[in-house]
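So you can see what is in the structure, the chains are spelled out below.
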Amino acid sequence: MTKMIKVLKGTKDILPQEVEQWHKLEKNALEIFTRYGYKEIRTPIFEVTELFARGVGDTTDIVNKEMYTFEKSGRSITLRPENTAGVVRSFIENGMARLSAPVKLWYKGPMFRYERPQAGRQRQFHQVGVEMFGIKEPAADAEVILLAVDYLKSLGLNDLEVEINSLGCPKCREEYKKRIKEVLKPELENLCEDCQNRYEKNPLRLLDCKVDSCKEIFAKPEIQKVIQSDFICEECAQHYKELKSYLDKLKIKYIENKLLVRGLDYYNRTVFEIKSNNLGSQNAVCGGGRYDSLVKNLGGEDTPAVGWAMGMERLNSLLPEIEPQKLDGYIVSNSPADAFELAEELRAKGLNIEFDLANKKFTKQLEKASKTARFALILGEDEIKANKVSVKNLETSEQVTIDRNDVTDKIKG
RNA sequence: GCGUCUGUCGUCAAGCGGUUAAGACCUCGGAUUGUGGUUCCGAUAUGCAUGGGUUCGAAUCCCAUCAGACGCCCCA
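Scoring rules and cut-offs
Residues numbered from 1 in each chain as written. Chains lettered and ligands numbered in written order. Predicted model: local features only at pLDDT ≥ 70, side-chain atom pairs only at ≥ 80, totals over all residues. Heavy atoms only, no water. Phe/Tyr/Trp six-rings, centres within 6.5 Å; stacked < 30°, edge-to-face > 60°. Lys NZ or Arg CZ within 6 Å of the ring centre and 35° of its normal. Pairing = 2+ DSSP bridges. Helix = DSSP H or I, 4+ residues; strand = E, 2+ residues; numbered from the N terminus. Axes fitted to C-alpha atoms, helices over the stretch in contact; angles between N-to-C directions. Buried < 20%, exposed > 50% of the residue type's maximum accessible area, 1.4 Å probe, protein only. Arc of directions from axis to C-beta. Contact = heavy atoms within 4.5 Å. Near = heavy atom within 4 Å. Polar contact = N/O pair within 3.5 Å; in protein donor to acceptor, adjacent residues only side chain to side chain. Nonpolar A, V, L, I, M, F, W, Y, C, P; charged D, E, K, R; others polar. Core = buried A, V, L, I, M, F, W, Y, C linked by side-chain atoms within 4.5 Å. Salt bridge = Lys/Arg side-chain N within 4 Å of Asp/Glu carboxyl O. Lys, Arg positive; Asp, Glu negative; His and termini not counted.

Chemist: Even after reading the chapter, I still don't get the packing of aromatic side chains, so can you show me in this structure?
Modeler: Aromatic ring pairs: the centre-centre distance and the angle between the two ring planes describe each pair. Applying the stated criterion across every chain yields a total of 11 aromatic pairs. Ring pairs connect the aromatic residues Phe91, Phe133, Tyr266, Tyr267 and Tyr291, which therefore count as one cluster. Arg123 extends its terminal NZ or CZ atom over the ring of Tyr114, reaching a point 4.1 Å from the ring centre.

This is the structure in structure tokens:
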């Protein structure tokens, strides 16, 4: 046998038996997001590499080691590892800053990250996400979180945990980083290798290290004091406070998590995640936050923005399996020409109809009908002559011979 | 990039150095040339991820490669 070709590591076929669930995710997204005034946008799945380097941030893992990048005609091109940068690019390029604020956009589609696959993580995966531009007030943050919760509810996912935090603005965050580095400096060589890296790259990150020896160090009172301190400036604190009061009013339960730091450089002030306990170690279904300086960084007018993305595969694994739909009718006939005709007639009326293209024996056809359809539509010589059809309900075994024109009504009940 | 575990039919698997490589499901055919979903019979891996090695003998032991699962890092 010639060698079989297999899917690439970390990629997957979405097979017919699971596609119903994907339809549900997409249908609900369109429906719910539309209610909140969002319009769908579809951006290319590849962009100039620089977009991600500048947008996502060139200190991030995503940009440093996870991008699918290739050269074409002397240009460096990258498969999108996330879609916020692309949407922002489009926002700027199409002059959307001139539209009346807020500009609300949503998207869905495949993303690509060269990572080691594991539960809830693939190299090609899908995200749905929303981005709102032009509103700096915390009400925007609140609405975006409410939308996420609403969408999850529409999928039957009611008891997920919402975690929030405020990163402050670049100014107050720098201060905080400095203080963390200061207090940890004496312990630096006792920290694990990862933490030593993070010490320089992203000091906020090292606070939730899972290594026991690091945990012990962080538990020291003088260090805890710095971690727990309210470092954010007055304005940022006010923003955060207002957000929380909105969430309270909206009865959205949330957990404040000081250690919640997102790994993308563009976030400021509000960050949040929505987690599930049923997902294994990659337990976040939704992640997002505010990114007020991204539009400007990518060459647009200074425009505040908030948004989030959800991993569709992760959502999917939380959804119950959907029973496959049965056909409305399966035509049992040894005259393919007549079966064709009847099938077309009924399909035109919106019914799902099939018949045996291989023209097998009568009993085989009935067997197939009973496995795949609600009704068997028997079209034998007698019926054809009389312009009738015998309609058999395959659940109750009840069978009647009726006029062709009455078949639709009989099936639709 | 690192760590742990795992690769036997389309699927789920038994087998643990000498078997004709169980069994079940699915699929296909027959009992049954106009009445199914139940039942009964039958078919379906010269092959055990791939390549080497050890051995009289390997699906079973060893090595390498590849693939998968899970975890770390990071993220949705």
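Now that the structure is up, let's keep going.
Chemist: Quick question: what am I supposed to make of the sheet that holds strand β2 (residues 46–48) here?
Modeler: Taken together, three strands build an open sheet; the order of strands is β2-β4-β3 and the sheet is antiparallel. Of all strands in the sheet, those bounded by a partner on one side alone are β2 and β3 (68–72). The average undirected angle you get between the axes of adjacent strands in this sheet is 35°. For β2 and strand β4 (residues 75–79), the ladder comprises three bridges, and the chain directions are antiparallel.

Chemist: What's the story with helix α9 (residues 221–228) in this structure? I'm lost.
Modeler: Every α-helical turn comprises 3.6 residues, leaving residues that sit three or four positions apart pointing alike. Taken together, the buried positions of α9 are Ile223, Val226 and Ile227. Along α9, the residues classed as buried sweep out an arc of 100° about the axis, all on the same side. Across α9 from its buried face, at more than 90 degrees, point the exposed residues Pro221 and Lys225. In this fold, the buried residues of α9 make contact with α6 (170–184) and α8 (212–219).

Chemist: How should I be thinking about the protein's contact with RNA strand B in this particular structure?
Modeler: For RNA strand B, the set of nearby residues contains 48 residues, the closest of which are Arg113, Arg205, Arg262, Gly263 and Ser397. Among the atoms of RNA strand B lying within 4 Å of the protein, the sugar-phosphate backbone contributes 53%. A distance of 3.2 Å separates a base oxygen of RNA strand B from a polar atom in the side chain of Glu115. Within the side chain of Arg116, a nitrogen or oxygen atom sits 2.7 Å from a base nitrogen of RNA strand B. Contributing elements (two or more residues each) for the surface near RNA strand B: β6 (124–133), α7 (193–201), β10 (284–290), β11 (305–311), α14 (362–372) and α15 (381–386). For the surface near RNA strand B, the element with the highest residue contribution is α14, accounting for five residues. Residues belonging to the surface near RNA strand B are distributed by class as follows: 11 nonpolar, 15 polar and 22 charged.

Chemist: For this particular structure, what's the right way to read the nonpolar core?
Modeler: Soluble, globular proteins show a tendency: their nonpolar side chains are buried together. Core analysis: the largest hydrophobic core is formed by 41 residues, its most contacted members being Phe33, Tyr151, Trp308 and Leu315. A total of nine residues in this core trace back to one element, the largest contributor, which is helix α5 (residues 138–154). Core analysis: the next-biggest nonpolar cluster, separate from the first, contains 30 residues, Val88, Met111, Leu167 and Tyr267 among them.

Chemist: Could you clarify how one ought to interpret the pattern of salt bridges in this entry?
Modeler: Any two side chains of opposite charge can pair, so long as their charged atoms come close to each other. One pass over the full model with this rule turns up 25 salt bridges. Close ionic contact of Arg89 with Glu93 constitutes a salt bridge, the shortest N to O distance being 3.0 Å. With Arg89 and Glu93 both in helix α4 (residues 84–93) and four residues apart, this pair spans about one turn of that helix. Arg89 gets classed as partly exposed once you look at its relative accessible area, which sits at 23%. Between Arg290 and Asp292 there is a salt bridge, with the nearest N and O atoms lying 2.8 Å from each other. The pair Arg290 / Asp292 is uniform in exposure class, with both members buried. The structure contains a network of salt bridges with shared partners spanning Glu40, Arg42 and Lys108.

Chemist: When you look at the pairing of strand β14 (residues 373–378) in this model, what are you seeing that I'm missing?
Modeler: Remember that side chains alternate between the two faces of the sheet whenever the strand is regular. Among the six residues in β14, five count as buried, and that is most of the element. Relative to strand β15 (residues 388–393), β14 runs antiparallel, the two sharing four bridges. By the bridge assignment, Ala376 is partnered in β15 with Lys392.

Chemist: Whenever I open this one, unusual backbone geometry confuses me. Can you help?
Modeler: Comment: phi is negative for the bulk of residues other than glycine, and the bulk of peptide bonds are trans. Here Ala101 and Pro102 are connected by a cis peptide whose omega angle stands at 0°. If you trace the backbone, Pro102 turns up in the loop between α4 and β5 (103–112). Residues other than glycine seldom take positive phi values, yet Lys251 does so here, at roughly 60°.

Chemist: Before we go on, may I ask you to explain the side chain of Glu383 in this structure?
Modeler: Tracing the chain through its elements places Glu383 in helix α15. Lys385 is the oppositely charged side chain nearest to the buried, salt-bridge-free Glu383, at an N-O distance of 9.6 Å. At a separation of 2.6 Å, a polar atom in the side chain of Glu383 contacts the side chain of Ser390. With near-sequence residues (within four places) excluded, Glu383 lies in contact with Ile378, Lys388, Val389 and Ser390.

Chemist: Please explain the environment of Thr303 as it appears in this structure.
Modeler: Along the chain, the position of Thr303 falls in the loop between α11 (294–297) and β11. Spatially, the C-alpha atoms of Thr303 and Glu143 are 18 Å apart, while their sequence positions differ by 160 residues. Not counting residues within four places of it along the chain, the set of residues in contact with Thr303 comprises Phe91, Phe133, Gly134, Asp292 and Val295. Among the polar contacts made by the side chain of Thr303, one reaches the main-chain carbonyl oxygen of Glu301 at a distance of 2.8 Å.

Chemist: It is not clear to me how the environment of Ser229 should be interpreted in this structure. Could you clarify?
Modeler: Following the sequence through the fold, Ser229 ends up in the loop between α9 and α10 (234–249). For the pair Ser229 and Tyr176, spaced 53 residues apart in sequence, the C-alpha to C-alpha distance is 9.1 Å. Setting aside anything within four residues of it in sequence, one finds Ser229 in contact with Tyr176, Arg179 and Lys258.

Chemist: Hey, could you run me through the sheet that holds strand β13 (residues 353–355) in this one?
Modeler: Paired through their backbone hydrogen bonds, the strands of a sheet run either parallel or antiparallel. The strand order across the open sheet built from five strands is β13-β12-β14-β15-β16, with neighbouring strands paired in mixed fashion. The sheet is open, and its two edges are formed by β13 and β16 (399–403), each paired on a single side. Averaged over all pairs of adjacent strands, the angle between strand axes in this sheet comes to 30°, irrespective of strand direction. Judged from the five bridges that link them, β15 and β16 form a sheet pairing that is antiparallel. What sits directly across from Ser390, in β16, is Thr401.

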